[in-house]
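Coordinate analysis (summary)
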Amino acid sequence: MDLNTVETYAAVTDRAGLQRLHTGDAATAVVAGGTWIFSVPQPHLRTLVDVSSMGWEPYSITEAGLRIAATCPIAVLETMPFPAEWRSRPLLRQCARALLASYKVRTVATVGGNICAALPAGAMTSLTVALDGVGEVWAPDGGVRHLPIADLVTGDNRTDLRPGEVLRAVDLPSRALSATTAFRRVSLARLGRSATLVVGRRDLDGRVVVTVTASTPRPVVLRYDTPPTAGAVAAEVEHVVEDGVGWFDDLHGAPDWRRATTLRFVAEIVEELA
């Protein structure tokens, strides 16, 4: 889609240039792959700041875990080399394929862009929240803060990013990457946007983490020190969502259907991880 209100498109190559151009003005937006920002009208925008020219390595693997640059194309997650002890590798491919997009789009769409769009069905939000991802956020004054992705995405198209802030990277700890995972997803159409996406994780120490996305406006994360029962987790999910988060409602799925599929998937995942 042509954004005919945009007057300036600037590709930045260093942080100084980024700070100079992205000051927090509501008429300015950061773009990387641009697959979302160019898909819908943006009449309020006058300036686009392109960070794909910053030269960030797409990812790096260390003893601490996996660092994914915000500009890393989503398709890269499907083919990157993975240490044998990181048993969560299937989850990266599952979440990458959960994105409502062709392979061509996945080679351009970025991890950071998908997270910062803050769509309930954001597949990279699902992935990084499920694996305890922590975002490195650059502030316009040169500072840095670190924020769990579960807290960064606060609602439908809403984040905790402050004016002028930019998501630089997401760090996934090796502890979570070494866990066994289980995945469930459903959409109204075979190639439709995710209406419910549930991920379960069982760490090496026996702790269990269950995350719910797509069926709720923001991620829901439940943690258990010992393997719980399916009924207990389903009941807690229902309580947490209905007590404040709420079931998401749009043309991709009604709230009652999202509730039913979520609770069924939660029960299946807990039993699978057991």
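This text goes with the structure placed above it.
Residues numbered from 1 in each chain as written. Predicted model: local features only at pLDDT ≥ 70, side-chain atom pairs only at ≥ 80, totals over all residues. Heavy atoms only, no water.

Describing the sheet that holds strand S13 (residues 208-213)
As summarised here, the arrangement of the 4 strands in space is S11-S12-S13-S14, forming an open sheet in which the pairing is antiparallel. Of all the strands in the sheet, just strand S11 (180-186) and strand S14 (220-224) have a single pairing partner and so form its edges. Taken over all neighbouring pairs, the strand axes of this sheet differ in orientation by 10° on average, direction set aside. Across 6 bridges, the pairing between strand S12 (residues 196-202) and S13 is antiparallel. Residue arginine 202 lies in a different strand from S13, and its bridge partner there is valine 208. In this fold helix H2 (residues 89-98) packs onto S11 and S12, with an angle of close to 15° to the strand it touches most, S11. Along the sheet, helix H8 (residues 230-245) contacts S13 and S14; its crossing angle with S14, the most-contacted strand, is approximately 140°. (Pairing = 2+ DSSP bridges. Helix = DSSP H or I, 4+ residues; strand = E, 2+ residues; numbered from the N terminus. Axes fitted to C-alpha atoms, helices over the stretch in contact; angles between N-to-C directions. Contact = heavy atoms within 4.5 Å.)

Here's the deal with the environment of leucine 91
By secondary structure assignment, the location of leucine 91 is in helix H2. For the pair leucine 91 and threonine 180, spaced 89 residues apart in the sequence, the C-alpha separation amounts to 9.4 Å. Apart from the residues lying within four places of it in its own chain, the contact partners of leucine 91 are Leu127, Ala130, Leu131, Thr181, Phe183 and Val199.

Here's the deal with helix H5 (residues 123-130)
Burial analysis of H5 places 8 of its 8 residues in the buried class, which makes it a mostly covered element. The set of residues buried in H5 consists of Ala123, Met124, Thr125, Ser126, Leu127, Thr128, Val129 and Ala130. One or two residues past the end of H5 sits aspartate 132, with phi positive at roughly 55°. (Buried < 20%, exposed > 50% of the residue type's maximum accessible area, 1.4 Å probe, protein only.)

Looking at the packing of H2 against H5
In the contact formed by H2 and H5, the axes pass within 8 Å of each other and the chain directions differ by 155°. Comparing their axes, H5 and H2 come out roughly antiparallel. Between H2, through Leu91, Leu92, Cys95, Ala96 and Ala98, and H5, the contact on the second element is made entirely by Ala123, Met124, Ser126, Leu127 and Ala130. Considered class by class, the residues forming the contact of H2 with H5 number 9 nonpolar, 1 polar and no charged. (Parallel < 35°, antiparallel > 145°, perpendicular 65-115°, else oblique. Nonpolar A, V, L, I, M, F, W, Y, C, P; charged D, E, K, R; others polar.)

Details of the pattern of salt bridges
This model, assessed by the stated rule, comprises 19 salt bridges. A single salt-bridge network, built from bridges that share partners, covers Asp132, Arg175, Arg201, Asp203 and Arg223. (Salt bridge = Lys/Arg side-chain N within 4 Å of Asp/Glu carboxyl O.)

Brief notes about the sheet that holds strand S1 (residues 8-11)
Across the sheet, which stays open at both edges, the 3 strands sit in the order S1-S3-S2 with parallel pairing between neighbours. Among the strands making up the open sheet, the edge pair consists of S1 and strand S2 (28-31). Ignoring which end each strand starts from, the neighbouring axes of this sheet average 20° apart.

Comments concerning the side chain of threonine 216
Secondary-structure assignment places threonine 216 in the loop between S13 and S14. On the accessibility criterion, threonine 216 (1% relative accessible area) is buried. In contact with threonine 216, other than residues within four places in its own chain, are Pro120, Val241, Val245, Gly246, Trp247 and Phe248.

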